[in-house]
Amino acid sequence: IEFDSTPLQEADIDDNDWDRIERIYNSDESIALDVVGFNRGGLLVDWRSLRGFIPTSQLVHAPTDNNMQERQSFLASRVGDVLHLRVIELNAEKNRLILSERAAQVAVGKRNQILHQLHTGMTVQGTVTNLCEFGAFVDLGGIEGLIHISELSWGRVAHPANMLTSGDSITTYVLDVNERTERIALSIKRLHDDPWENVHQRYTIGDTITVRITNVVDFGAFACIEEGLEGLIHFSELAEGQFLHPRNVVSEGDVVHARILNIDSNGRRLGLSLRNI
């Protein structure tokens with residue numbers, strides 16, 4: 001049976017339990033709880049009158065791929081298990097209680113120690129624990145940070161799984177640390193220079209360069225010049241003569257020679273042409 005993730009009704013909650021669980025959270029204690037259910041995102045547990053949630057990314061032996069059927073089977077198999085957990089987030093007003101099995105694996109106080117040592121601008125090593133549509137979670141030694149999908153690369157990334165795999169050891173750049181909420185924002189692309197900052201030093205209008213077609217649309221085709229640097233070949237610049245659609249001229253993956261028509265570093269735009277090469 002799949003259990004609903006909806007918190008227990010407020011009438012059933014003892015407000016004193018929020019005070020008790022907050023003391024456990026502040027002391028960084030671990031607690032052992034029975035798994036009472038699951039949903040698409042993780043496991044459900046009860047602590048006194050409170051309903052707690054353990055995201056799949058916070059489980060030690062969770063599947064590392066994106067196979068939803070396998071993940072759901074794994075979560076269903078954990079119902080009835082007793083897990084040692086630490087509270088990583090709580091909000092009484094929202095009836096929000098988030099716990100972690102991963103966090104319970106480290107010594108008492110280690111997570112706070114790591115959190116206090118982190119600061120914007122530093123680079124840290126971590127292990128990828130979970131990939132989702134909006135980014136990648138990285139374990140920094142008992143506390144997790146998030147690399148938003150927009151921070152994975154200066155170029156386009158359709159899904160984090162196209163760049164990373166769960167279990168990868170990676171180096172990341174610390175964008176922001178919020179000690180109050182224990183949220184850590186990380187980046188991979190900030191470890192590299194923004195390719196648009198000095199684009200005029202590397203390319204000049206009129207240059208002929210080799211590019212790879214990355215996307216074909218009704219009004220033209222996008223082409224990768226280098227990682228993080230993409231140009232547009234407008235429909236009118238694809239070929240001489242008439243054709244029905246850009247796909248009649250180029251396809252994704254094609255490597256072609258193109259001429260640079262214009263460069264707008266501030267607008268992060270670069271115009272290309274396949275004509276008169």
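Here we summarise the structure given alongside this text. Owing to the predicted nature of the structure, the values given are computational and were not obtained by experimental measurement. (Residues numbered from 1 in each chain as written. Predicted model: local features only at pLDDT ≥ 70, side-chain atom pairs only at ≥ 80, totals over all residues. Heavy atoms only, no water.)

1. Topic: the environment of Leu229
Part 1 of the reasoning: Mapped onto the secondary structure, Leu229 falls in strand β13 (residues 229–234).
Part 2 of the reasoning: A sequence separation of 33 residues divides Leu229 from Trp196, and the C-alpha atoms of the two residues are 6.9 Å apart.
Part 3 of the reasoning: Not counting residues within four places of it along the chain, the set of residues in contact with Leu229 comprises Pro195, Trp196, Val199, Arg202, Tyr203, Ala223 and Cys224. (Helix = DSSP H or I, 4+ residues; strand = E, 2+ residues; numbered from the N terminus. Contact = heavy atoms within 4.5 Å.)

2. Thoughts on unusual backbone geometry
Part 1 of the reasoning: A positive phi angle, close to 55°, is found at Arg48, a residue other than glycine.
Part 2 of the reasoning: Position of Arg48 among the secondary structure elements: in the loop between β2 (42–47) and β3 (50–55).
Part 3 of the reasoning: Residue classification places Arg48 among the exposed residues on the basis of a relative accessible area of 57%. (Buried < 20%, exposed > 50% of the residue type's maximum accessible area, 1.4 Å probe, protein only.)

3. Re helix α2 (residues 68–77)
Part 1 of the reasoning: Buried within α2 we find Arg71, Gln72, Phe74 and Leu75. When α2 is viewed along its axis, its buried side chains cluster within an angular range of 160° and face the same direction.
Part 2 of the reasoning: In this fold, the buried residues of α2 make contact with β1 (30–39), β2 and β6 (123–132). (Arc of directions from axis to C-beta.)

4. Focus on the sheet that holds strand β15 (residues 269–273)
Part 1 of the reasoning: Pairing is mixed around the closed barrel formed by 5 strands, whose spatial order is β11-β12-β13-β15-β14. Within the sheet, the average angular offset between the axes of one strand and its neighbour, ignoring direction, is 50°.
Part 2 of the reasoning: With 6 bridges joining them, strand β12 (residues 220–226) and β13 adopt antiparallel strand pairing. The residue of β13 that forms the bridge with Phe222 is Leu232. (Pairing = 2+ DSSP bridges. Axes fitted to C-alpha atoms, helices over the stretch in contact; angles between N-to-C directions.)

5. Re the packing of aromatic side chains
Part 1 of the reasoning: Tallied over the entire structure, the rule returns 3 aromatic pairs.
Part 2 of the reasoning: The ring of Trp47 carries Arg48 above its face, with NZ or CZ at 5.2 Å from the centroid.
Part 3 of the reasoning: Of note, Arg156 hangs over the ring of Phe222, and the distance from its end group to the ring centre comes to 4.5 Å. (Phe/Tyr/Trp six-rings, centres within 6.5 Å; stacked < 30°, edge-to-face > 60°. Lys NZ or Arg CZ within 6 Å of the ring centre and 35° of its normal.)

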